[in-house]
Amino acid sequence: MLNLKSFALASVLAIGATATAMAAELTVYTAVEAEDLKRYADAFNADHPDITINWVRDSTGVITAKLLAEKDNPQADVIWGLAATSLLLMKSEDMLEPYAPAGVEKLDPKFVDNSTPPTWTGMDAWVAAVCYNTVEGEKNGVPAPTSWKDLTKPVYKGHVIMPNPNSSGTGFLDVSSWLQMFGEEGGWEYMDALHENISRYTHSGSAPCKLAASGETTVGVSFAFRGAKSKAAGAPIEIIVPTEGVGWDMEATAIVAGTDDLEAAKTLVDWTVTKKANELYNSGYAVVAYPGVAKPVKFFPEGLVDAMIDNDFEFAANNRSAILAEWAKRYDGKSDPK
Amino acid sequence: MLDITTQTQKPYLEIRDLWKKFGDFIALRDISLEVMEGEFLCFLGPSGCGKTTLLRAIAGLDLQTSGTVSQAGRDVSNLPPAMRDFGIVFQSYALFPNLTIERNIAYGLENQGRPKAEISARVTELLALVGLPEQGKKYPAQLSGGQQQRIALARAIATNPGLLLLDEPLSALDAKVRVHLRHEVKELQRKLGVTTVMVTHDQEEALSMADRIVVMNHGTIEQVGTPLEIYREPETLFVADFIGAMNQIPAVVEEAGKIRVGTCVLQSEHNVFDHGTAVIAAIRPEDITPMADGVDDADALPANVETMEFLGSFYRASLSCPDLGNISLMADFSINAVRRVDISLGKSLRVKIPADRLKAFPAQQGAQA
Amino acid sequence: MSTIDDIPRPFVKPRLGKDDWIQRGFMAVIALYLIVALALPLYAMLSKAFSTYTFDLSQYEVQVSDEDGHFTKPVENIANLNARFDPPVIGAGSTNSNGRQKLTGLFPDFSFRSPVMYRFRGTSPEAVYLVGSERHTGPEWLELDSNTFRRVVIRPVKHVGLANFTTYFSTPALTQSVRNSLWIATISTIITVTLAFWFAYALARSCMRFKGVFRMVAMLPILVPSLLPGIALVYLFGNQGMLKSFLMGETIYGPIGIVLGSVFFTFPHAMIIISTALAISDARLYEAAVSLKASRWKTFWTVTIPGARYGLFSAAFVVFNLVITDFGLPKVIGGKFNVLAVDIYKQVIGQQNFEMGAVVSVVLLVPAMLAFAIDRQMQKKQVALLSARSVVFEPKPNRKMDRIFFAYTVLVSIFIAGIIGVCQFAALIKFWPYDLSLSLHNYNFDLMDGGGWGSYKNSIVLAVLTAVIGTVVVFLGAYMVEKTKGFEKGRALFQMLAMLPMAIPGMVLGLAYIFFFNNPANPLNFIYGTMIILVVSTVTHFYTVSHLTAVTALKQMDTEFESVSASLKQPFHKLFRQVTVPVSMPAILNISIYLFVNAMTTVSAVVFLYSTDTALASIAVLNMDDAGDIAPAAAMGMMIFYTNAGARILHALASRGILKRSEAWRKGD
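What counts as what
Residues numbered from 1 in each chain as written. Chains lettered and ligands numbered in written order. Predicted model: local features only at pLDDT ≥ 70, side-chain atom pairs only at ≥ 80, totals over all residues. Heavy atoms only, no water. Pairing = 2+ DSSP bridges. Helix = DSSP H or I, 4+ residues; strand = E, 2+ residues; numbered from the N terminus. Axes fitted to C-alpha atoms, helices over the stretch in contact; angles between N-to-C directions. Domains from an automatic or database assignment. Contact = heavy atoms within 4.5 Å. Buried area = accessible area lost by both parts, 1.4 Å probe. Polar contact = N/O pair within 3.5 Å; in protein donor to acceptor, adjacent residues only side chain to side chain. Nonpolar A, V, L, I, M, F, W, Y, C, P; charged D, E, K, R; others polar. Salt bridge = Lys/Arg side-chain N within 4 Å of Asp/Glu carboxyl O. Buried < 20%, exposed > 50% of the residue type's maximum accessible area, 1.4 Å probe, protein only. 1 Å grid on protein atoms, 1.4 Å probe; cavity = no way out; pocket = protein on both sides within 12 Å on 5 of 7 lines; lining within 4 Å. Points joined across faces, edges and corners; volume = space filled by probe spheres on them. Core = buried A, V, L, I, M, F, W, Y, C linked by side-chain atoms within 4.5 Å. Disulfide = S-S within 2.5 Å. Phe/Tyr/Trp six-rings, centres within 6.5 Å; stacked < 30°, edge-to-face > 60°. pLDDT = per-residue confidence, 0-100. Parallel < 35°, antiparallel > 145°, perpendicular 65-115°, else oblique. Left-handed = near helix turned anticlockwise from the far one by under 90°.

Asker: Help me understand the sheet that holds strand β11 (residues 247-255) of chain B, please; the structure alone is not making it clear to me.
Answerer: Within a sheet, neighbouring strands are paired by backbone hydrogen bonds and run either parallel or antiparallel to one another. Residues and elements named next belong to chain B. Across the sheet, five strands lie side by side as β13-β12-β11-β14-β20; this open sheet has antiparallel pairing. One side of each edge strand has no neighbouring strand; the edge strands of this open sheet are β13 (264-267) and β20 (359-362). Neighbouring strand axes in the sheet, compared pairwise and without regard to direction, differ in orientation by 45° on average.

This is the structure we're talking about:
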């Protein structure tokens, strides 16, 4: 079926037809929250009803693993909404199709891959934050933290949950930001101290905040967007921006090299950098790639944008494997079966 | 009884040089055998003697390792069962439990282009033949064991096979039903004239049903013959011992026709061994004749009745004969004889071992059996 | 005596009839299925476990310029450069397929501000290096300034060897999991077998009332995914738990939670096995004990326990195997406590370290295989006991003991029903613990991560397909093994393949499937990411028990049906259709329901294989819990429970209907 389609497309291109009205289907891999996907697809299909999007959604770790596993036989046509650090891994495996989407020049250059043509373009930034349950805090006598360093104080022992960087993109951006902010040595020292207070590491990045929201923990290291959502749902939480600064990652878009339908993929990627698309991203993200689009998000912590560190994505991507291995060595399974 | 072996007709089933191995175990050794058309042949032997293996080779259910089987002049040695021509009945009946009696019998008649009415007529005929005319709508589990086996027989002969194979067909039945069914099966076989091979471990069954008996042991044929031959003229000690009861007495050959047991020399017409050969002298319990008081016979031996058991139609006594050394003889005395000679426990009497009934077998054979 | 060598040649070669060919064809197809769905993927996984990656420094050359950018110094091989340091800057250790190695450490006076230029190249086309994220290969010289050279990293090459295992066993964090897994499995086994023994004992040997109800309650855990008790335990003993104080300050997230949950989900398995063992013990032994005036206690230790010993051992190894291979429960409630099954997940999903995932899989295979092998031995011995002619034991009323047993079974039943009840309660509470109003809000699965209601539908589709296809494949396979003739070696191999799945943890099978099916060279690659691969993996994962059920049913059938049918010149498929299948119908229904229920609840066999289109309810429970949406996870778990309960009721009705219809001919059984 697929082969037939690409064959048909190839022959259309061969005779120089420029018609793009052909119905196309794209397999799009994403780590965007499930509830946003339908809105994204609907908005896109309003402009391009002829292209059907088949979402493959999972957490950042899973989608990254999936893409890397499928390196020699990619199943995806487009990646729309995956951490830039992950896309850099794909790029170093030559898995991405270099393409400058129409209108890419309008984006903040920080959000665009520095190769020419770029292999990926950013959509929005996703920023670490700390969720603090005020009810539990009062009950347990745990004060609201103001900085990362606060979390290493003995009063927080057993009251902090953070995502495991090995499975969660949020967890990894926390770790990589600490290593960048505090330096390699200082970063590991910080994590050694923090580990003493962590009650457990979750597999998902949003779980710590949700667990803070439900009072399972007092402090959950998560990301701001999740916190804003839980707060909107009525959870007794504060979203805290640590004073040292916060790690962040971009959600980004790229075409997978070897796609069966490059034209449709380009159409989609062109659309993902439009102002309209960026307005869509803004409903969940305070910082988006298109300058001037961002409007305040309800319950989103103030001062978050200023607190975003100057993130070195290349450092994060190229050291990812080593950092994760070191992290696992230090903290995974350190607890005793007693 | 007609003596089929002497008839000059061609054999219907011919087995030549048949071997069968299971792994390293040889189950059949160089078996050659002919079965005549219309004959009722029994494979008789203890369990593990290879009789069922031989039957299954004939059926093609478990192919022999080497050797040929031909049926009605056709070499069927390597054919699968479906390409041979036989009906088979097993000890377990193997009736299909979820099919009615009618459908069980009709099973082999279907798929052969026969009209339904014909099948139905044949089923009715077969039900009548096995004496269960009203049972067609029932399921096997609703019939008794004997009835089920009759249905299995009807199913096996429904297609008029040239050969009927019976694998211990009566062994699962009660003693009384078994005796009754022996007669019926034999009767049916005679009526149909179908060549039949039956496997059994029950010597009575074999003696009462077979035209000829093939006695098997350790994968080989010990003797082939009519029931009477097998009983009266056993060729080996094994056959002698397996069929009926047999006293076995270690003895040494004195000269032709005479063997010595203990201090006593007995006449044995059948002895063919040389002087000094160690043999086993064999005499059936019923052949030991009690002598009435006053009747004199030079060969009669004094004996003491050690035990006496009443077995219905006769008494089985255990006798000690000082002349024969320290052995006890098993002897069957008819009720008449007991009354006539007045035999009772502890009594001394004289018994005769008839020269024409006393046999001698090489001694090492006894060790093997 | 002649030996087998004396048998005259030629040996008879069987001529194969049409039936033989068809049967061999079927057997070949099903054997092929097992080879493709089991043997080859496992082989792919093993070869992955032995794939190692190291940096081959000798594949790269560098030339450094002077301060003015003139390349006057000689070209240096990186390996030689590294060797000049003592100890070498770049260790010889292995890395993984994602490994990257910086080079600046080889130049002690390196500064990214320096005007020194670097020329860099690989010496072979296989030499791969990155500048930043840009990939380069081959022997073209690349000229870089210092600031750019800082960003050069080299990539590893692949070998075959034991290095992964060396790495594994020298990583304390990973080997700790081996101890954790063994420890957890042992503790859970002791507790479960003890609890299940007394439960089964109460059912078999007391005259208490409501035995049917207790038996039913004890079976409930089979209907839910293994991670569901984890969710209930969070509600019961979590930081906001209703019974938190029971733990006296201990956390439920860790060994306590895993053990409690494991006891819950393995209880029915142990109970069934021990009940069977108790059911076969011989009443005459008890009569003998009574006549010898042995005390109740002595009778228990000299008659009851020895009689049930194989059952107890078998139950222990089955429970051990279930716990050590379970992934869902430790993931939900394990907290910081790592176990092998979760390590596989973390290595594969978290670190994308497939080689290490394969290594952990191999490590997990060892105890699983051992436990399985011992269990098989025990089962065989138990069967031997079964065949003995024994008299069924009829318990006599004993008011005091019956009361004690009643109280005990009530307690265990409350534990089991309580866990499920808590899940239902959690599913209906709006926002625990701050808003306790009842709501169906948590059933809005489409708003959650995990696949929404679609995943529930997918699970039903998977369960139905698995039940239908699996039953056909398993039953046909068992028939071919059990009822055909000849081809002994092929049948022995088939039998071995059919027993293998039980020893293979679901996660290991799933990982093996990734390696095998997600290989573009594999013509079956197209099934990757589809419902087909989920059906295949589920059928394969649950093959053994189904196969044994089918074989047992077929063994009970007269061995001579085939012979009779062949002698009547009827094709085997007629017999199969008209007799074998109808007579085996109860077993066939049992296989279908077993496959259906397990397809609904399995997580481990499918967690690596589902795609968004084929997300499953059990995976949705996992993912929603993972994302912190615990209440919706509980709600989805209860959907699985109700579906399975419904399926079981349907199964019971169908079985009853069939038994009723076949009452006439089963009468003799």
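Okay, back to it.
Asker: Which parts of the structure should I look at to understand the domain arrangement of chain A?
Answerer: Note: interface size is frequently given as the accessible area lost on complex formation between the parts. Residue and element names in this part refer to chain A. Once the domains are mapped, chain A shows domain 1 (9-124 + 250-288) and domain 2 (126-248 + 299-334). Its C-alpha centre places domain 1 at a distance of 29 Å from the equivalent point of domain 2. Facing the 19 residues of domain 1 at the interface are 17 residues of domain 2. Note on domain 1 versus domain 2: buried area summed over both sides is about 1,600 Å², and carbon and sulfur give 70% of it. On the domain 1 side of the interface with domain 2, the three residues burying the most area are E33, T85 and M250, jointly 29% of the side's total. For the pair domain 1 and domain 2, the interface holds zero residue pairs in polar contact (both at pLDDT 80 or more). Counting only elements with at least two residues in the side of domain 1 that touches domain 2, the list comes to α2 (34-47), α3 (60-69), α4 (84-92) and β10 (248-256). Among the elements that make up the side of domain 1 that touches domain 2, the one with the highest residue count is α4 (four residues). Within the side of domain 1 that touches domain 2, the residues separate by chemical class into eight nonpolar, six polar and five charged.

Asker: Looking at this structure, how should I read the interface of chain B and chain C?
Answerer: Opposite the 43 residues of chain B that make contact, chain C presents 39 residues. Taken over both partners, the interface formed by chain B and chain C buries close to 3,600 Å², and the fraction arising from carbon and sulfur atoms is 62%. The shortest N-O distance in the salt bridge between K574 of chain C and E110 of chain B comes to 2.7 Å. Across the chain B-chain C interface, the total number found is 18 residue pairs in polar contact (both at pLDDT 80 or more).

Asker: I would appreciate a short explanation of the pairing of strand β6 (residues 128-131) of chain C in the present structure.
Answerer: Look at any regular strand and the pattern is simple: side chains alternate between the two faces of the sheet. All names here are of chain C. A two-sided burial pattern is seen for β6, the buried positions comprising V128 and L130 on one face and Y129 and V131 on the other. Here four bridges tie β6 to strand β7 (residues 134-137), and the two strands are oriented antiparallel to one another. Across the sheet, residue V128 finds its bridge partner in β7, namely T137. Counted between consecutive antiparallel strands, the loop separating β6 from β7 contains two residues, among which G132 sits at a positive phi close to 65°. Looking at chain direction, β6 and strand β9 (residues 152-154) are connected through three bridges and run antiparallel. Looking at β9, one finds that V131 is bridged to V152.

Asker: Explain empty space enclosed by the protein to me, please; I cannot follow it from the model alone.
Answerer: If you roll a probe as big as a water molecule over the atoms, it shows you where there is empty space left. Tallied over the entire structure, the rule returns 14 cavities of 30 Å³ or more. Space inside the largest cavity adds up to approximately 340 Å³. Surrounding the largest cavity, 24 residues form its lining, A31, E33, R57, S59 and T60 of chain A being those nearest its centre. Elements with a minimum of two residues in the lining of the largest cavity: α3 and α6 (169-197) of chain A together with α23 (617-626) of chain C. A class-by-class count of the residues in the lining of the largest cavity yields seven nonpolar, eleven polar and six charged. Lining the second largest cavity we find 26 residues, and of these R200, Y201, T202 and H203 of chain A together with K331 of chain C sit closest to its centre. Those elements that provide at least two residues to the lining of the second largest cavity are β7 (198-202) and α7 (207-213) of chain A together with α11 (328-333), α12 (340-350) and α23 of chain C. Residue composition of the lining of the second largest cavity, grouped by class: twelve nonpolar, seven polar and seven charged.

Asker: Teacher, can you tell me more about the nonpolar core here?
Answerer: A general tendency of soluble globular proteins is for nonpolar side chains to be buried together. Membership of the largest hydrophobic core comes to 224 residues, with the highest contact counts inside it found for F43 of chain B together with I231 and F608 of chain C. A domain split of this core shows at least three residues from each of domain 2 (173-434) and domain 3 (448-667) of chain C. Apart from residues lying up to four places away in sequence, I231 of chain C is in contact with V332, V621, D625, I630, A633 and A634 of chain C.

Asker: Hey, could you run me through the interface of chain C and chain A in this one?
Answerer: At the junction of the two partners, chain C supplies 58 residues and chain A supplies 64 residues. Three residues stand out in chain C for area buried against chain A, namely S133, K336 and Y434 of chain C, and they jointly supply 13% of the buried area on that side. At the boundary of chain C and chain A, one finds six salt bridges. K210 of chain A serves as the salt-bridge partner of D629 of chain C, at 2.7 Å between the closest nitrogen and oxygen. Breaking the side of chain C that touches chain A down by element, the ones donating at least two residues are β7, α5 (172-205), α11, α12 and α23 of chain C. Examining the composition of the side of chain C that touches chain A, we find that six residues originate from one element, α12 of chain C, more than from any other.

Asker: Would you take a moment to explain the state of the cysteines for this structure?
Answerer: Disulfide: a covalent bond formed between the sulfur atoms of two cysteine residues. The full count for this structure, using the stated rule, is one disulfide over all chains. Free of any disulfide, C321 of chain B has its nearest cysteine sulfur in C264 of chain B, 8.4 Å distant.

Asker: Explanation requested: the packing of aromatic side chains in the structure shown.
Answerer: The description of two aromatic rings rests on the distance between their centres and on the angle between their planes. Residue and element names in this part refer to chain C. Summed over all chains, the structure comprises 61 aromatic pairs over all chains. Here F431 and Y434 contribute two aromatic rings whose centre-to-centre distance is 6.1 Å and whose plane-to-plane angle is 70°, an arrangement assigned as edge-to-face. Relative to F576, the ring of Y479 has its centre 4.7 Å away and its plane inclined at 65°; by these criteria the two rings are edge-to-face. Linking Y479 in helix α15 (residues 452-483) with F576 in helix α21 (residues 572-583), this pair joins segments that are 97 residues apart in sequence. One exposure class covers both Y479 and F576, and it is buried. Each member of the aromatic cluster is reached from another via a ring pair, and the members are Y60, F107, F110, Y118, F120, Y129 and F149.

Asker: Could you clarify how one ought to interpret the environment of L301 of chain B in this entry?
Answerer: All names here are of chain B. With respect to the helices, strands and loops of the structure, L301 is situated in strand β16 (residues 301-310). C-alpha of L301 to C-alpha of E168: the two residues are 133 residues apart in sequence and 43 Å apart in space. Discounting residues that sit within four places of it in the chain, L301 has contacts with C264, L266, D323, L324, L349, R350, V351 and I353.

Asker: Explanation requested: the arrangement of the chains in the structure shown.
Answerer: Sorting the two pairs of chains in contact by contact count puts chains A and C at the top. Note that chain A does not reach chain B: the shortest distance linking a C-alpha of one to a C-alpha of the other is 44 Å.

Asker: Could you clarify how one ought to interpret the confidence of the model for chain A in this entry?
Answerer: Residue and element names in this part refer to chain A. Confidence in the prediction of chain A, expressed as mean pLDDT, is 85, and 92% of residues score 70 or more. This stretch, residues 1-21, has a pLDDT under 50; its non-local contacts, to residues over four places away or in other chains, come to ten contacts. With pLDDT under 50 throughout, residues 334-338 is counted as low confidence; its partners more than four residues away or in other chains account for nine contacts.

Asker: Honestly, the packing of α15 of chain C against helix α24 (residues 630-661) of chain C in this entry has me stumped. Any pointers?
Answerer: Two quantities define a packed helix pair, namely the angle between the helix axes and the distance between the axes. Residues and elements named next belong to chain C. Between α15 and α24, the shortest axis-to-axis distance is 11 Å and the interhelical angle comes to 25°. As far as their axial angle goes, α24 and α15 are roughly parallel. Handedness of the α15/α24 crossing: right-handed. Note on element contacts: α24 touches α15 through M636, M639 and T643, opposite G452, W453, S455, Y456 and I460. Considered class by class, the residues forming the contact of α15 with α24 number five nonpolar, three polar and no charged.

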